[in-house]
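# Residue-level structural notes
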Amino acid sequence: MNSTRALSTGTQAALVADLLLAAADRIDANPHLAPTATVSAGYPRGILTMTVRAQLAGLRQDVAAAERTEYATGLTADYHSRRRQGSRSHEDAARYADATSLRATTARRALRDAELDAEAAILTALRLVGPIAVGTTRGQLADRFRAVAANVSPVLAVAS
């Protein structure tokens, strides 16, 4: 994780616990596999990653909307600069384009920071859950995620 963005232990514990609980709920909510279906060794990482992607979907949509607005205001500012360089409408359009660009950049940074925090939470969750045994079922994995989530705060406090 980026050292300039180190999370406090409490914040990291909350992110990891929330992620594990959401992933356990996602496992249980899947109607296509029975709780007795066995999972592969890569399944925990996959389900945690899918859970994070679902949690960040709203933020991704915000970034996409900000980028579309940034593009449109850039076109407007360009139009006014070609039509009437130095006019009041050109200055207003350029100022609005600058502000919109700043909002889009801020949204992109927020998404990047959330993705970095989520990746750190995934890695921490995988470390806490540990390797899963061959023959582990979906139900057992969901129960293990919930058990680790219940104990994640004390474990991270001791690890720091």
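Residues numbered from 1 in each chain as written. Predicted model: local features only at pLDDT ≥ 70, side-chain atom pairs only at ≥ 80, totals over all residues. Heavy atoms only, no water.

Under the definition given, this model contains eight salt bridges. Notably, a salt bridge pairs Glu-115 with Arg-60, separated by 3.0 Å at the nearest N-O pair. In this pair, Glu-115 sits in helix α4 (residues 88-129) while Arg-60 sits in helix α3 (residues 57-83), placing the two residues 55 residues apart along the sequence. Assessed through its relative accessible area of 26%, Arg-60 is described here as partly exposed. In this structure, the salt-bridge partner of Arg-112 is Asp-113, at a minimum N-O distance of 3.0 Å. (Salt bridge = Lys/Arg side-chain N within 4 Å of Asp/Glu carboxyl O. Helix = DSSP H or I, 4+ residues; strand = E, 2+ residues; numbered from the N terminus. Buried < 20%, exposed > 50% of the residue type's maximum accessible area, 1.4 Å probe, protein only.)

All right, on to the side chain of Thr-100 then. Examined against the element boundaries, Thr-100 turns out to sit in helix α4. There is a polar contact of 2.8 Å between the side chain of Thr-100 and the backbone oxygen of Tyr-96. (Polar contact = N/O pair within 3.5 Å; in protein donor to acceptor, adjacent residues only side chain to side chain.)

Where helix α2 (residues 43-55) meets α4, the closest approach of the two axes is 10 Å, and the angle between their N-to-C directions is 150°. As far as their axial angle goes, α4 and α2 are roughly antiparallel. In the packing of α2 onto α4, the handedness of the crossing is right-handed. Across the interface between the two elements, Pro-44, Arg-45, Leu-48, Thr-49 and Val-52 of α2 pack against Ala-118, Glu-119, Ile-122, Leu-123, Ala-125 and Leu-126 of α4. Here the residues of the contact of α2 with α4 sort into eight nonpolar, one polar and two charged. (Axes fitted to C-alpha atoms, helices over the stretch in contact; angles between N-to-C directions. Parallel < 35°, antiparallel > 145°, perpendicular 65-115°, else oblique. Left-handed = near helix turned anticlockwise from the far one by under 90°. Contact = heavy atoms within 4.5 Å. Nonpolar A, V, L, I, M, F, W, Y, C, P; charged D, E, K, R; others polar.)

As a further point, take the layout of surface pockets. Empty space within the largest pocket amounts to approximately 160 Å³. Counting residues per element, the ones that place at least two in the lining of the largest pocket are α1 (9-29), α2 and α4. With four residues, the top contributor of residues to the lining of the largest pocket is α4. Split by residue class, the lining of the largest pocket holds seven nonpolar, one polar and two charged. (1 Å grid on protein atoms, 1.4 Å probe; cavity = no way out; pocket = protein on both sides within 12 Å on 5 of 7 lines; lining within 4 Å. Points joined across faces, edges and corners; volume = space filled by probe spheres on them.)

Another point: the environment of Asp-98. Its location among the elements puts Asp-98 in helix α4. Its relative accessible area of 56% is what places Asp-98 among the exposed residues. Residues Asp-98 and Glu-70, spaced 28 residues apart in sequence, show a C-alpha to C-alpha distance of 8.6 Å.

Here we come to the nonpolar core. Leu-20, Leu-48 and Phe-145 are the most contacted members of the largest nonpolar core, which totals 24 residues. Elements that contribute at least two residues to this core include exactly α1, α2, α4 and α5 (138-159). Setting aside chain neighbours within four positions, we find Leu-20 in contact with Leu-48, Ala-125, Val-129, Phe-145, Val-148 and Ala-149. Among the nonpolar cores identified, the runner-up in size contains five residues, and Val-63, Ala-66, Ala-104 and Leu-111 belong to it. (Core = buried A, V, L, I, M, F, W, Y, C linked by side-chain atoms within 4.5 Å.)

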